[in-house]
Every structure is written in C-alpha cells, then in structure tokens.
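A closer look at the structure
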Amino acid sequence: EAILQFKAGSDLVRRQNRSVVIAALRRAATMSRTDLTAATGLSPSTVSAIASDLMNEHVLIEQRDFGPTGIRRGRPQIAMALNPRKAHVVSVELTHNQLSVGVSDYTGKAINELDDRFSTAACSGEELLQRCSRLIRMALSNAQVAKPDSIVVAVQGRADAEGRDLLWSPIAAGRNVHLSD
C-alpha cells in the first residue's frame, strides 16, 4: 500500500511540474532549458526530462532563431515553444442579441473570431443551435482547423448538473436546449 501511495504522489508531482513548465512557456512564448530552470525553480535535470517528454509528445517545438547571436561558451541554447498546432479550442459566448465564436491554438492565440447579431429572445432552441453550429463551422473553416479538441460555451442562465444542456436563459426563448449536441 505504501508503494502505491508513493507512486501516486510522484505521478502527481510529475503532472504538477509539467504544468509549471507549460505555464512558464505560455507566459514567455519561447525559453531555453536554462531559462525554464530559472523561471520555474525546478532542477535542470527535471526541466530537461519534462522538456524531452513534451517534445516527444509534440507539445513543444524547437525554435532555432533564438536570443542574442553573440559568441557564447558551451553548448548553444535551443529555445522551446508551445506547438500551436497541438490543440485547438473553440469558445462560444452567447449574450443578449449576440453570438460570438473564437478559435484559438494551443498557445492561446486567437486564430479566428466571428460575431452574429440577432434577436436572441425571438430565437427557438433549435434556431439557436443552428446559428451556433453554423458560426462554429465558419470559424473553424476560416482558421483551417478540421476538428477542435474542445468547445467551451458561456451563456447566461441555468444549465443541468453536467453543464451539457441550457435549461433556461433570460436572453433566449428556448428552454432545455441541448448545447452539447
């Protein structure tokens, strides 16, 4: 039992350290292993192991044109950056009389944003879903993304316990709208 607790603890620490490295790269865009060590407070061997794993998983990519070009001693610095093509997220925001859809890459950079203004109060649940689907497809097509890794929806109102269905909203006439579909 003690061995299982140790394994679970080390797995948790490893996941947390990976998150720390990814968060540092999100803030700085590109960093060398040395810079990551300084920014995260992790040991050089930990940063190197995590960076190697993330590169093998195509989460990180190397950036060859990095930093000052002056003469330095030792091994040349190789910068790493998040791979923008690793994942894509669609964000959908439904507010009073407006639907906004955005597509972002893994670095958090917005690739495409579209808005649709219409009377949300006069829209049935089915019409709302059709508008959402159409705008999502257009945004993905414009961003040249075949399939998103995640779609996040923000809307004022009440959702079911799983957050999949919009039960009621003061800005839309439709009730029990199956947004997750």
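A brief look at the structure comes next. From a predicted model like this one, the values you see are computed outputs, not experimental measurements. (Residues numbered from 1 in each chain as written. Predicted model: local features only at pLDDT ≥ 70, side-chain atom pairs only at ≥ 80, totals over all residues. Heavy atoms only, no water.)

**Observations concerning the overall build of the chain**
Per the secondary structure count, the chain includes four helices and nine strands. The secondary structure elements of the chain, listed N-terminal to C-terminal, are α-β-α-α-β-β-β-β-β-α-β-β-β. Long-range contacts, defined as pairs at least 24 residues apart, comprise 46% of the intrachain contacts of the chain with a sequence gap of at least 6. Put simply, the chain shows about 11,700 Å² of open surface, and 51% of that area lies on carbon and sulfur atoms. (Helix = DSSP H or I, 4+ residues; strand = E, 2+ residues; numbered from the N terminus. Contact = heavy atoms within 4.5 Å. Areas by Shrake-Rupley, 256 points an atom, 1.4 Å probe, with all protein chains shown as cover.)

**Overview of helix α3 (residues 44–56)**
Between the first and last C-alpha of α3 there are 18 Å, a value that for 13 residues agrees with the 18 Å anticipated at 1.5 Å per step. At the exit of α3 stands H58, carrying a positive phi of roughly 65°. (Expected span 1.5 Å × (residues − 1).)

**Quick word on the sheet that holds strand β7 (residues 150–155)**
Read across the open sheet, the four strands follow the order β6-β5-β4-β7; overall the sheet is mixed. Each having just a single partner strand, β6 (110–117) and β7 make up the two edges of the open sheet. On average, adjacent strands in this sheet sit at an angle of 15° to one another, irrespective of strand direction. Across the sheet, helix α4 (residues 125–143) touches β4 (88–95), β5 (98–105), β6 and β7, and the angle it forms with β6 is around 150°. (Pairing = 2+ DSSP bridges. Axes fitted to C-alpha atoms, helices over the stretch in contact; angles between N-to-C directions.)

**So, α4**
When the terminal C-alpha atoms of α4 are compared, their 27 Å separation across 19 residues agrees well with the 27 Å that a helix rising 1.5 Å per residue should span. Buried residues of α4: G125, L128, L129, C132, L135, I136, A139, L140 and A143, and no others. Down the axis of α4, the buried side of the element spans an arc of 140°, and every buried residue falls inside it. Relative to its buried face, α4 has exposed residues pointing more than 90 degrees away, namely E126, R137 and S141. The elements touched by buried residues of α4 are β4, β5, β6 and β7. (Buried < 20%, exposed > 50% of the residue type's maximum accessible area, 1.4 Å probe, protein only. Arc of directions from axis to C-beta.)

**Remarks on the packing of aromatic side chains**
Counted according to the given criterion, the structure contains zero aromatic pairs. Note that R26 overlies the ring of Y106, its terminal NZ or CZ placed 4.6 Å from the centroid. Its end group placed over the ring of F118, R131 keeps NZ or CZ at 4.0 Å from the ring centre. (Phe/Tyr/Trp six-rings, centres within 6.5 Å; stacked < 30°, edge-to-face > 60°. Lys NZ or Arg CZ within 6 Å of the ring centre and 35° of its normal.)

**Let's talk about the side chain of S169**
Counting through the fold element by element, S169 comes out in the segment after β9 (166–168). With a relative accessible area of 2%, S169 lands in the buried category. Within the structure, S169 has its side chain in polar contact with the backbone oxygen of Q156 (distance 2.6 Å). (Polar contact = N/O pair within 3.5 Å; in protein donor to acceptor, adjacent residues only side chain to side chain.)

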